[in-house]
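# Architecture at a glance
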Amino acid sequence: MIYHLLYPLSDQISILNVFRYITFRSIYAMLTALVLSIIIGPFFIRWLHKVKFGQYIKECGPDHQSKSGTPTMGGLLFGFCMLTSVLLWSDLTNKYIWLTILVFLGFGAVGFADDYIKVVRKHNDGLSARTKLLGQVIISLGVVSLLVAFPEYSSQLMAPFFKNFHPDLSWFYIPFGMFVMVGASNGVNLTDGLDGLAIGPAVVTAACFAVFIYVAGHINLATYLQVAYVAGVGEVTVICGAMVGAGLGFLWFNAFPAQIFMGDVGSLSIGGTLGFIALLCKQELLLVIVGGLFVIETLSVVLQVGYFKMSGGKRIFRMAPLHHHFEKKGVHESKIIVRFWILSLLLAVMALGTLKLR
Ligand code: 57M
């Protein structure tokens, strides 16, 4: 909105020319979402307590009983602050902005339905895993099919480090893109099992992809760094900025000991959106590095369940996902969280380094 209101006046007031710059608007989108979250957060948490939208704690697993009743569905706070900031600071004529908002809202709706059934209707199982997956598949099928139909978007697969390796997946890019989005969404969801454990790496990932998508939308930078150029996607940097701001603002309250959990409405929407942004800037495989923590957590579950079934009940880890394994070993929750954040930062720095290594 602000962009459309003030930039046209830059002919009369030259200082307003600054609104044409994506970097400027992304920084202010971050600050807006952050300040909004910190102002609204306490009121939202008080409301969640009032309406008793508290977390049910499963009996099995690590001792989290002290967390019982912690307000959840904090993803609504994240989403409101992020989307408000995006509507204020982005160029609303850009189709990639609306596609990314559609992904965020679509995956968020699936998560909201799960949370609503669990928290409001007090059915602790929520949506079935199959129904959740179906919702994610339908949304990702729609947006990826649209994406590959855009003339400026290539169905080639880009790999970090190997500038000459870009096989064209053609229509197979659609199932591949769906796998990336659904995998990222569920990876964040599985990771969200300790205070701040998911939102920290999600903020790091969004910040990292702010760089990648800005470069992907900038023909000179993309050419110089030998990465794919996708005309128009640079505007999505504003969404990355808003995600970083809303994420830090949410972390303000989700940090140990958490006053609020994000719920599936948060984890599914954030993960699905990060996966989609990775597709937009043609850094699908790099998401494995940047979001490596989410990959490790998901792999720990796959290995644990697979081995459990194959071995007739034996376990590799004391409990999956991996963060519960360290909990069971007696590592304090806050130590696990900060160490996972450090790992996430290291992976992001490694991923950014690939921009120069071509
Ligand atoms: C998502 N949800 C948290 C909160 C958050 C197949 C199996 C691996 C599935 C997995 C599972 O249930 N995953 C669901 C993880 C839950 O957090 C809620 O869910 C939202 C995210 N979707 O926003 O609303 C609990 O996590 C804790 N929490 C915090 N701080 C936070 O900021 O402390 C969450 C956010 C909350 C709270 O206690 O209640 C979760 O863990 O369920 N299952 C598991 O992860 C279970 N693992 C398990 O069963 N492992 C087995 C097999 C199946 C692999 C094994 O290793 O043998 C663990 N989770 C629970 N209990 N709750 C262990 C048992």
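You'll find the structure just up there.
The structure contained in this document is the topic of the report that follows.

The rules behind each value
- Residues numbered from 1 in each chain as written.
- Predicted model: local features only at pLDDT ≥ 70, side-chain atom pairs only at ≥ 80, totals over all residues.
- Heavy atoms only, no water.
- Salt bridge = Lys/Arg side-chain N within 4 Å of Asp/Glu carboxyl O.
- Helix = DSSP H or I, 4+ residues; strand = E, 2+ residues; numbered from the N terminus.
- Buried < 20%, exposed > 50% of the residue type's maximum accessible area, 1.4 Å probe, protein only.
- Expected span 1.5 Å × (residues − 1).
- Core = buried A, V, L, I, M, F, W, Y, C linked by side-chain atoms within 4.5 Å.
- Contact = heavy atoms within 4.5 Å.
- Near = heavy atom within 4 Å.
- Polar contact = N/O pair within 3.5 Å; in protein donor to acceptor, adjacent residues only side chain to side chain.
- Nonpolar A, V, L, I, M, F, W, Y, C, P; charged D, E, K, R; others polar.
- Phe/Tyr/Trp six-rings, centres within 6.5 Å; stacked < 30°, edge-to-face > 60°.
- Lys NZ or Arg CZ within 6 Å of the ring centre and 35° of its normal.
- 1 Å grid on protein atoms, 1.4 Å probe; cavity = no way out; pocket = protein on both sides within 12 Å on 5 of 7 lines; lining within 4 Å.
- Points joined across faces, edges and corners; volume = space filled by probe spheres on them.

## Re the pattern of salt bridges
Under the counting rule described, the total for this entry stands at nine salt bridges. The partner of D114 in a salt bridge is K118, with the nearest N and O atoms 2.8 Å apart. Taken together, the positions of D114 and K118, both in helix α4 (residues 95–120) and four residues apart, correspond to about one turn of that helix. Exposure remark for K118: the relative accessible area of 25% places this residue in the partly exposed category.

## Details of helix α12 (residues 292–310)
One full turn of an α-helix is made of 3.6 residues, so residues set three or four places apart face in the same direction. Taking 1.5 Å as the rise per residue, α12 with 19 residues should run 27 Å; its terminal C-alpha atoms sit 26 Å apart, in good agreement. The complete set of buried residues in α12 reads G292, L293, F294, E297, S300 and Q304. Looking one or two residues beyond α12, the residue adopting positive phi is G312, at roughly 70°.

## Quick look at the nonpolar core
M82, L147, I199, F209, M243, F276 and L279 are the most contacted members of the largest nonpolar core, which has 93 residues in total. No other element matches helix α7 (residues 199–216), which puts 12 residues into this core. If we skip the residues at most four places from it in the chain, M82 touches F104, I239, A242, M243 and A246. Core analysis: the next-biggest nonpolar cluster, separate from the first, contains eight residues, L194, L293, I336 and F340 among them.

## Here we look at the site of the ligand
Around the ligand, the surrounding shell holds 31 residues, and the nearest of these are Q55, N189, D192, G263 and D264. Backbone polar atom of G193 to a nitrogen atom of the ligand: 3.3 Å apart, as the coordinates give it. Within the side chain of Q304, one N or O atom sits 3.0 Å away from an oxygen atom of the ligand. Elements supplying a minimum of two residues to the shell around the ligand: α6 (173–191), α10 (263–280) and α12. The residue makeup of the shell around the ligand, split by class, is 13 nonpolar, 12 polar and six charged.

## Considering the packing of aromatic side chains
Summed over the entire model, instances satisfying the criterion amount to 15 aromatic pairs. Consider the rings of F209 and F212, whose centres lie 5.8 Å apart with planes at 55°: the pair is tilted. Residue F209 and its partner F212 are both found in helix α7; the two are separated by three residues, about one turn of the helix. Following the ring pairs from residue to residue traces out a cluster consisting of F19, F24, Y28 and W89. The ring centre of F150 lies 3.9 Å from the NZ or CZ of K95, which sits over that ring.

## Focus on empty space enclosed by the protein
Per the stated rule, a full pass over the model turns up one cavity of 30 Å³ or more. By volume, the largest cavity amounts to about 30 Å³. Taken together, F78, I199, A202, V203, A206, M243 and I270 make up the full set of residues lining the largest cavity. For the lining of the largest cavity, the leading source of residues is α7, giving four residues. Per-class residue counts for the lining of the largest cavity are seven nonpolar, no polar and no charged.

## Considering the environment of G232
You can see G232 is positioned in the loop between α8 (219–224) and α9 (237–254). Assessed through its relative accessible area of 31%, G232 is described here as partly exposed. Once the C-alpha coordinates of G232 and M262 are considered, the two residues, 30 residues apart in sequence, prove to be 31 Å apart. When sequence neighbours within four positions are dropped, the list of residues in contact with G232 reads N94 and Y96.

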